[in-house]
Amino acid sequence: MRSLVALKILLHDKATTIGSLIGVIAIVFLVGQQLSVLFGLFSYMSVLVDHSGADIWICTKNTVNINSTGLLPVSYVDRVSALPEVDWAEPLLFGSGTFKTTNDNFEAVQIVGLRTPKLVPGPWRFYAGSQNSLLEYEAATVERLDFNKFGDIKLNEFYEINDTRVRIAAITQSIKGFSGRLVFTNLAKAKEILKTTPGRCKAILLKLKTSAEPEAALERIKKLLPKAEVLATSELSRKTRSYYVVNTGMGGSFGFSTMVGAFIGIIIITLTMYTAVLQRQKDFAVLRALGARKIDIVVIVLVQSLIIAVIGIFIGFFLLALFLNGTHDSALPTYFPRWMSPLLAVFTLALCVCGSLLAMRKAISVEPASIFR
Amino acid sequence: MITEPILQLSGVARDFFDGKTQRRVLQKIDLAISPGEFTIVAGPSGSGKTTLLTIMGLILKPSEGDVFIRSEKVTGYPESKMASIRLQHYGFVFQLAELLPALSVFDNVVVANGIQGKSISSALKKKAKDLLESFGLQNMFHAKPLQLSGGEKQRVAIARALINDPTVLLCDEPTSALDAESSTIVMDSLKRLSQDNTRGIIMVTHDPRVFPYADRLIKLENGAIASDSKSSS
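S.K.: Kindly report on the side chain of threonine 327 of chain A, identifying the contributing residues and their values.
M.R.: All names here are of chain A. By the element assignment, threonine 327 lies in helix 11 (residues 294–327). The class for threonine 327 is buried, based on a relative accessible area of 10%. Within the local environment of threonine 327, its side chain forms a polar contact with the backbone oxygen of phenylalanine 323, the two atoms lying 2.8 Å apart. The contacts of threonine 327, once residues within four sequence positions are left out, are Leu332 and Thr334.

S.K.: Talk me through empty space enclosed by the protein; I want residue IDs and the actual numbers.
M.R.: Residues and elements named next belong to chain A. The tally for this structure, following the rule as stated, stands at three cavities of 30 Å³ or more. If you trace the largest cavity, you find 14 residues lining it, with Leu10, Asp13, Thr16, Ala276 and Gln304 closest to the centre. In terms of residues, the lining of the largest cavity owes the most to one element, helix 9 (residues 250–279), which gives four residues.

S.K.: Explain the sheet that holds strand 10 (residues 224–230) of chain B to me, using residue names and the numbers behind them.
M.R.: Paired through backbone hydrogen bonds, the strands of a sheet run either parallel or antiparallel to each other. All names here are of chain B. On the basis of which strands lie adjacent, the open sheet formed by six strands has the order 6-7-8-3-9-10 and mixed pairing. At either margin of the open sheet sits one strand with a lone partner, and together these are strand 6 (90–93) and strand 10. Between one strand axis and the next, the sheet turns through 15 degrees on average, direction left out of account. Where strand 7 (residues 168–172) lies against strand 8 (residues 200–205), five bridges are found, and the strand directions are parallel. Considered in strand 8, the bridge of cysteine 171 is made with methionine 203. Set on the sheet, helix 2 (residues 79–89) makes contact with strand 6 and strand 7; between it and strand 6 the angle comes to about 80 degrees.

S.K.: How would you summarise the pattern of salt bridges if you had to cite specific residues and measurements?
M.R.: Inspection of every chain in the model, using the stated rule, returns 31 salt bridges over all chains. In this structure, arginine 216 of chain B and aspartate 228 of chain B form a salt bridge, with 2.7 Å as the shortest nitrogen-oxygen distance. Of the two residues, arginine 216 of chain B sits in strand 9 (residues 216–221) while aspartate 228 of chain B sits in strand 10, which places them 12 residues apart along the sequence. Given a relative accessible area of 7%, arginine 216 of chain B falls into the buried group. Put simply, Glu138, Arg165, Lys189 and Glu192 of chain A are held in one network by salt bridges that share partners.

S.K.: Which residues make up the nonpolar core, and what values do they have?
M.R.: By size, the foremost hydrophobic cluster in this structure holds 133 residues, and its most contacted members are Leu7 and Leu190 of chain B. Looking at this core element by element, the count peaks at 13 residues for helix 2 (residues 14–45) of chain A. Among residues more than four places away in sequence, those in contact with leucine 7 of chain B are Leu31, Ala32, Ile33, Met56, Val67, Phe68, Ile69, Tyr90, Val168 and Ile202 of chain B. One finds Trp88, Val112, Leu134 and Leu182 of chain A within the second-largest nonpolar core, a separate group that totals 24 residues.

S.K.: I'd love a proper account of the layout of surface pockets, names of residues and values included.
M.R.: Residues and elements named next belong to chain A. The computed volume of the largest pocket comes to approximately 580 Å³. If you trace the largest pocket, you find 25 residues lining it, with Ser43, His51, His328, Thr334 and Tyr335 closest to the centre. Contributing elements (two or more residues each) for the lining of the largest pocket: helix 2, helix 3 (47–50) and helix 11. Looking at the lining of the largest pocket, the element that brings in the most residues is helix 2, giving five residues.

S.K.: Mind laying out the domain arrangement of chain A, listing which residues take part and the relevant values?
M.R.: Accessible area lost during the coming together of the parts is what is often quoted as the interface size. Residues and elements named next belong to chain A. Domain annotation of chain A identifies domain 1 (2–44 + 249–371) and domain 2 (62–226). Distance between the C-alpha centres of domain 1 and domain 2: 46 Å. Regarding the contact of domain 1 and domain 2, the summed buried area is about 640 Å², with carbon and sulfur atoms giving 49% of it. For domain 1, the biggest contributors to the area lost against domain 2 are Tyr44, His328 and Asp329; these three give 72% of the whole. In this assembly, domain 1 and domain 2 are joined by zero salt bridges. For the pair domain 1 and domain 2, the number of links is zero residue pairs in polar contact (both at pLDDT 80 or more).

S.K.: Provide a residue-level description of the interface of chain B and chain A, including the pertinent values.
M.R.: Each partner contributes residues to the interface: chain B has 33 residues there, and chain A has 26 residues. Surface buried jointly by chain B and chain A totals about 2700 Å² across both partners, of which 68% is contributed by carbon and sulfur atoms. The closest approach of N and O atoms between glutamate 79 of chain B and arginine 288 of chain A, which form a salt bridge, is 2.6 Å. Taken together, the connections running from chain B to chain A amount to six residue pairs in polar contact (both at pLDDT 80 or more). Ranked by residue count, the leading element in the side of chain B that touches chain A is helix 2 of chain B, at six residues. Tallied by class, the residues present in the side of chain B that touches chain A amount to 18 nonpolar, eight polar and seven charged.

S.K.: Can you break down a nonpolar patch on the surface residue by residue, with the values?
M.R.: Taken together, the side chains of Ile311, Phe314, Ile315, Phe318, Leu319 and Leu322 of chain A present a nonpolar region at the surface, about 580 Å² in accessible area. Residue placement: leucine 319 of chain A occurs in helix 11.

S.K.: Can you explain the confidence of the model for chain A? Please cite residues and give values.
M.R.: Averaged over all residues, the pLDDT of chain A equals 87, while 99% of them reach at least 70. Considering each helix and strand of chain A separately, the mean pLDDT is smallest for helix 9 of chain A, with a value of 80, and largest for strand 1 (residues 56–60) of chain A, with 94.

S.K.: Run through the packing of helix 10 (residues 281–290) of chain A against helix 11 of chain A, naming residues and quoting values.
M.R.: Residue and element names in this part refer to chain A. Where helix 10 contacts helix 11, the axes come no closer than 10 Å and their chain directions differ by 140 degrees. Relative to helix 11, the element helix 10 lies oblique. When you trace helix 10 past helix 11, the crossing you get is right-handed. Across the interface between the two elements, Phe284, Leu287 and Arg288 from helix 10 touch Lys294, Ile297, Ile300 and Val301 from helix 11. Class assignment for the residues of the contact of helix 10 with helix 11 results in five nonpolar, no polar and two charged.

S.K.: Hey, could you go over helix 2 of chain A for me, with residue numbers and the actual values?
M.R.: Taking 1.5 Å of rise per residue, 32 residues should cover 46 Å, and helix 2 of chain A covers 46 Å from first to last C-alpha, within 8% of that figure. Counting buried residues along helix 2 of chain A, 25 of its 32 residues qualify, which places the element largely inside the surrounding structure.

Thresholds applied
Think of each chain on its own: its residues are numbered from 1, step by step along the sequence as written. Chain A is the first chain written and ligand 1 is the first ligand written, with later ones labelled in order. It should be noted that, the model being predicted, local features are given only for residues of pLDDT at least 70 and side-chain atom pairs only at 80 or more, the latter also being counted only at that level, while totals for whole chains, interfaces and linings use all residues. In computing side-chain values, all of the structure's heavy atoms are included and hydrogens and water are not. Labels follow the DSSP assignment, with helices taken as runs of H or I lasting at least four residues and strands as runs of E lasting at least two, numbered in each case from the N terminus. To sort residues, take the accessible area from a 1.4 Å probe on protein chains only and compare it with the maximum for the residue type: under 20% means buried, over 50% means exposed, and anything in between is partly exposed. Polar contacts, as counted here, are pairs of nitrogen or oxygen atoms within 3.5 Å of one another; within protein the pair requires one atom able to donate a hydrogen and one able to accept it, and residues that are adjacent in sequence qualify only if both atoms are side-chain atoms. Any two residues whose heavy atoms approach within 4.5 Å are treated as being in contact. Grid spacing is 1 Å over the protein atoms alone, the probe is 1.4 Å, and a cavity is where that probe fits but cannot get out, while a pocket is an open set with protein on both sides within 12 Å along at least five of seven lines and lining residues have an atom within 4 Å of a point. Grid points are joined across faces, edges and corners, and a volume is the space filled by probe spheres set on the points. Whether two strands pair depends on DSSP finding at least two bridges between them. In this analysis an axis means a line fitted to C-alpha atoms, helices contributing only their contacting stretch, and an angle means the value between N-to-C directions, from 0 to 180 degrees. The term salt bridge refers to a side-chain nitrogen of Lys or Arg lying within 4 Å of a carboxyl oxygen of Asp or Glu. In this text, buried Ala, Val, Leu, Ile, Met, Phe, Trp, Tyr and Cys residues form a nonpolar core when linked through side-chain atoms within 4.5 Å. What fixes the domain bounds is an automatic or database domain assignment. Two parts placed together each lose some accessible area under a 1.4 Å probe, and the buried area is that loss summed for both. Gly is put with the polar residues, along with every residue not named as nonpolar or charged; the nonpolar set is Ala, Val, Leu, Ile, Met, Phe, Trp, Tyr, Cys and Pro, and the charged set is Asp, Glu, Lys and Arg. Nonpolar side chains (Val, Leu, Ile, Met, Phe, Trp, Tyr) within 5 Å and like charges within 9 Å form the patches, drawn only from residues with over 30% relative accessible area and no salt bridge. Only the protein chains shown count as cover for residues, with accessible areas throughout obtained via the Shrake-Rupley method and a probe of 1.4 Å. For every residue, the predictor states its confidence as a pLDDT score lying anywhere from 0 to 100. Roughly parallel means an angle under 35 degrees; roughly antiparallel means over 145; roughly perpendicular covers 65 to 115; every other angle is labelled oblique. Crossing handedness: left-handed means the near helix sits turned counterclockwise from the far one by under a right angle, and right-handed means the same turn made clockwise. The span one expects for a helix is its residue count, reduced by one, times 1.5 Å.

Dropping the structure here:
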């Protein structure tokens with residue numbers, strides 16, 4: 001009956017219910033949107049690492065960020081390939097370049113050179129062409145989302161990067177990097193564009209055999225290559241993200257805006273629920289006089305806040321899904337991990353309960369004697 | 001035959017503190033209400049009628065003295081226990097009915113029974129319907145209080161007060177906001193209910209037109225009982 005009373009009061013007080021709902025929707029959408037952009041940027045930071053399919057990365061000593069690693073001897077590839085635990089080892093080369101657009105402007109790009117024929121970590125989504133297109137010497141990719149910057153790019157036509165000729169053999173779909181637009185090419189072409197010292201690469205990617213023990217293999221490779229940084233893929237991804245979060249102020253900025261979103265929501269919920277209780281003081285006094293205990297009044301207000309929370313979370317997630325769908329193939333970095341959804345829902349639910357505390361306090365402070373004149 | 005009082009006040013006094021001075025609004029009052037008695041407490045404004053009613057209704061705690069329900073001393077019980085006693089033993093009819101506007105007439109009647117988390121049994125639903133029918137409200141079950149007249153609201157309030165078969169029915173000037181015709185209907189209903197020897201009805205009013213309904217008329221002046229008379233009928 002208490003829940004029914006709570007629900008019926010909510011349905012009766014439409015204006016305050018809608019006000020509280022807006023608060024919850026604001027929390028879910030604003031916080032969710034901020035987090036999706038943050039996670040989108042996270043995915044940009046370590047995009048090559050996360051899509052490499054490798055178990056272990058070998059970089060220069062003390063690497064804290066994959067995008068700022070130094071040069072390694074390519075000979076390391078042969079040394080680690082000889083280990084029985086290793087399935088394959090592939091060198092990787094990447095660095096900055098400038099793409100000459102069709103309007104004779106220049107746009108910064110990130111060149112990623114992959115060794116043929118394996119081509120790891122090759123492009124994983126194509127708008128046109130395929131990975132095999134990169135097997136040819138002059139072949140390179142461009143990202144479809146960059147067309148507005150690069151101009152009218154046509155497949156199989158020649159363009160220039162760092163004054164070096166490349167043929168656009170494939171167009172990638174929504175593959176975005178943090179420090180520039182990604183242009184994939186084969187290792188030989190990348191060396192030519194980046195003018196890298198012969199016999200050097202930026203990183204070595206390693207895939208272990210399924211029978212191998214990852215921890216033991218990692219330790220063995222570390223001993224084999226004491227002058228290199230040997231990291232599990234997940235560790236390198238985490239280090240790269242942490243580096244940007246800490247050193248760019250991005251963490252603080254997004255943390256602050258997320259808190260602002262949550263704060264705005266909780267203020268709206270608190271004020272609307274408090275106002276609703278103020279308007280219903282007499283009803284609570286009647287219920288108290290009729291025999292409701294303070295705990296019964298708390299239950300009514302709590303159930304109201306939970307009903308509002310559940311409906312608001314549902315609508316908020318629906319709007320967030322629309323936002324994520326709408327920005328999926330856009331230049332706006334958005335990515336919302338599945339595991340974040342229950343966390344955001346629980347967080348919102350907790351905020352709703354917090355927002356209703358003041359209302360609860362007011363509701364139980366209503367004196368039943370006030371109903372008598 | 002001597003019957004046990006259903007409600008008894010022993011030396012009950014009440015002080016109010018206005019921030020500077022303490023004022024005694026109810027002098028030491030001794031009072032016993034018997035079952036089947038329709039008691040009207042009357043007196044001018046400020047005489048302490050409502051304070052007495054709220055103390056009898058276990059809503060306000062007395063500054064001095066004790067309250068007994070069927071010989072059980074309830075003074076000093078914690079707030080939650082007082083609420084449960086109110087739920088079990090009391091029915092309230094307020095001056096302006098005070099129905100919950102969000103609930104239907106039917107839900108307003110059963111709300112007290114379920115307010116401590118109990119589910120509403122089918123027997124109780126039938127009882128609520130019977131009560132509403134007995135007050136001529138059979139076509140109003142699903143109506144909202146806003147759709148009712150003042151007299152209809154007050155009859156719903158009486159049905160709500162009776163749903164738990166209270167030992168004591170406390171009425172706070174239930175006719176003061178009603179027209180003459182509605183007042184008569186409400187007073188007739190209360191008089192009919194007072195014939196039931198299992199409960200007592202206490203009504204606070206300053207309207208002398210309703211005095212003839214009373215079995216007992218208590219007049220308060222300056223927080224003390226000025227007269228306590230029983231009708232001969």
